[in-house]
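In case you want the letters, here they are:
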Amino acid sequence: MNKQEEIAALAILIHDLRKHKKYTLKELADKIGRSVGFLSQVERGLSRPTVADLTAISETLGVPTTYFYSLPKPKELPWVTRPDERRTLYFANGITDILVSPKMSATFSMLESQLEAGANSGERHLSDSSEQGGYVLEGELTLWLGDDDEPVTLYPGDSFQLASHTRCRYGNLTEQPTRVLWVYT
């Protein structure tokens, strides 16, 4: 799928899951701290959610964030993913996530995050029900944890691990791209 098809597929998944869980646009917008207009635009593929928005949507609707990475086509081998078999999510604020795991139903999932220069996960902290860790492949990743105003900057070869429900946000404060391999339980 190309970028526009991926954005449209995410919009449909969010809309259909919201309807299935019997939430109105207003109820879901209120729960995630966003406007009805913004959520409506996301569901129509006109706006892209931030990573924080999608995490809040998944938590509110009771699904793991990986729910939104449903693979678009069958894989050649069930335990291998090739680059053309991967699902990609294009977030607002310059972040692209690629599901590199062969399965989403296993005990962990792997994502490659690509952060453009100046990209960030959003102004609000994320709080994911999954334990997560990361390994910086390229560039610099800056993490803010909890209420701590002092960020930590990670460089290629650095890794981190966060307990479930750890409040954090992240970004690339440089002029160069950053790539991170994330692992979620």
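Residues numbered from 1 in each chain as written. Predicted model: local features only at pLDDT ≥ 70, side-chain atom pairs only at ≥ 80, totals over all residues. Heavy atoms only, no water.

**Describing the pairing of strand β5 (residues 132-138)**
Just so we agree on the cut-off: By this definition, two strands are paired if DSSP reports at least two bridges between them. The helix and strand labels rest on DSSP assignments: H or I over at least four residues marks a helix, E over at least two residues marks a strand, and numbering proceeds from the N terminus.
Bridging between β5 and strand β8 (residues 159-162) involves 4 bridges; their strand directions are antiparallel. In the strand pairing of β8, G134 is matched with F160.

**Side note on the layout of surface pockets**
Test applied: Here the term cavity refers to a set of points on a 1 Å grid, laid over the protein atoms alone, in which a 1.4 Å probe fits but cannot get out; the term pocket refers to an open set having protein on both sides within 12 Å along at least five of seven lines, with lining residues being those that place an atom within 4 Å of a point. Grid points are joined across faces, edges and corners, and a volume is the space filled by probe spheres set on the points. Note that Gly is not counted as nonpolar here; it falls among the polar residues with everything else outside the nonpolar set of Ala, Val, Leu, Ile, Met, Phe, Trp, Tyr, Cys and Pro and the charged set of Asp, Glu, Lys and Arg. An automatic or database domain assignment supplies the residue ranges for each domain.
Here the largest pocket defines a volume of roughly 250 Å³. Among the elements that line the lining of the largest pocket, the one with the most residues is helix α4 (residues 51-61), at 3 residues. The residue makeup of the lining of the largest pocket, split by class, is 13 nonpolar, 8 polar and 2 charged. Viewed by domain, the lining of the largest pocket spans two of them, domain 1 (3-69) and domain 2 (83-184), each represented by three or more residues.

**A short note on the pairing of strand β9 (residues 167-171)**
Alignment of strand β4 (residues 126-127) against β9, held across 2 bridges, turns out to be antiparallel. By the bridge assignment for β9, S127 is matched with R167. In the sheet, strand β6 (residues 141-145) pairs with β9 via 4 bridges, with the strands oriented antiparallel. Following the sheet pairing, L145 is matched in β9 by C168.

**Things to note about the domain arrangement of the protein**
In plain terms, the rule: Residue contacts are defined here by distance: any two heavy atoms, one from each residue, within 4.5 Å place the two residues in contact. As a working definition, buried area equals the accessible area (1.4 Å probe) given up by two parts on being put together, with both sides summed.
The domain architecture assigned to the protein consists of domain 1 (3-69) and domain 2 (83-184). Inter-centroid distance (C-alpha atoms) of domain 1 to domain 2 is 19 Å. Across the contact, 22 residues belong to domain 1 and 23 residues belong to domain 2. Taken together, both faces of the contact between domain 1 and domain 2 bury some 2,000 Å²; the carbon and sulfur share is 59%.

**A short note on empty space enclosed by the protein**
To find leftover empty space, a probe the size of one water molecule is rolled over the atoms. Under the definition given, this model contains 1 cavity of 30 Å³ or more. By volume, the largest cavity is sized at about 70 Å³. What lines the largest cavity is a set of 13 residues, among which I7, L10, A11, R48 and P49 lie closest to the centre. Contributing elements (two or more residues each) for the lining of the largest cavity: α1 (3-20) and β1 (88-90). Looking at the lining of the largest cavity, you find at least three residues from each of domain 1 (3-69) and domain 2 (83-184).

**Focus: the sheet that holds β8**
What counts is decided by this rule: Every angle, taken between N-to-C directions, lies between 0 and 180 degrees, and every axis is a line fitted to C-alpha atoms, over only the stretch in contact when it is a helix.
Pairing in this open sheet of 6 strands is antiparallel, and the strands run β1-β2-β3-β10-β5-β8 from one edge to the other. The open sheet is flanked by β1 and β8, the only strands paired with a single partner. Adjacent strand axes in the sheet meet at a mean angle of 20 degrees, parallel and antiparallel pairs treated alike. As paired strands, β5 and strand β10 (residues 178-184) are joined by 6 bridges and run antiparallel to one another. Of the residues in β10, the one forming a bridge with V136 is V180.

**Quick notes on the packing of aromatic side chains**
Stated formally: Centre distance within 6.5 Å is the pairing criterion for rings of Phe, Tyr and Trp, where only the six-membered ring of Trp is used; planes under 30 degrees apart are then read as stacked, over 60 as edge-to-face, and the remainder as tilted. Three exposure classes are used, based on accessible area relative to the maximum for each residue type with a 1.4 Å probe and protein chains only: buried under 20%, partly exposed in between, and exposed over 50%. Two thresholds decide whether a charge sits over a ring: the Lys NZ or Arg CZ must be within 6 Å of the ring centre and within 35 degrees of the ring normal.
Scanning all chains against the criterion turns up 4 aromatic pairs. When the centroid spacing of 5.2 Å and the interplanar angle of 90 degrees are considered together, the rings of Y67 and F68 count as edge-to-face. Measuring from centroid to centroid gives 5.1 Å for F160 and W182, while their planes differ by 80 degrees, and the two rings are edge-to-face. Pair noted here: F160 is in strand β8 and W182 is in strand β10, with a separation of 22 residues, a long-range link. A relative accessible area of 1% means that W182 is categorised as buried. Among the aromatic residues, those joined into a cluster by ring pairs are F160, Y170, W182 and Y184. Just above the ring of F38 sits the side chain of R34; from NZ or CZ to the centre is 3.8 Å. Taking the ring centre of W144 as reference, the NZ or CZ of R169 above it sits at 4.2 Å.

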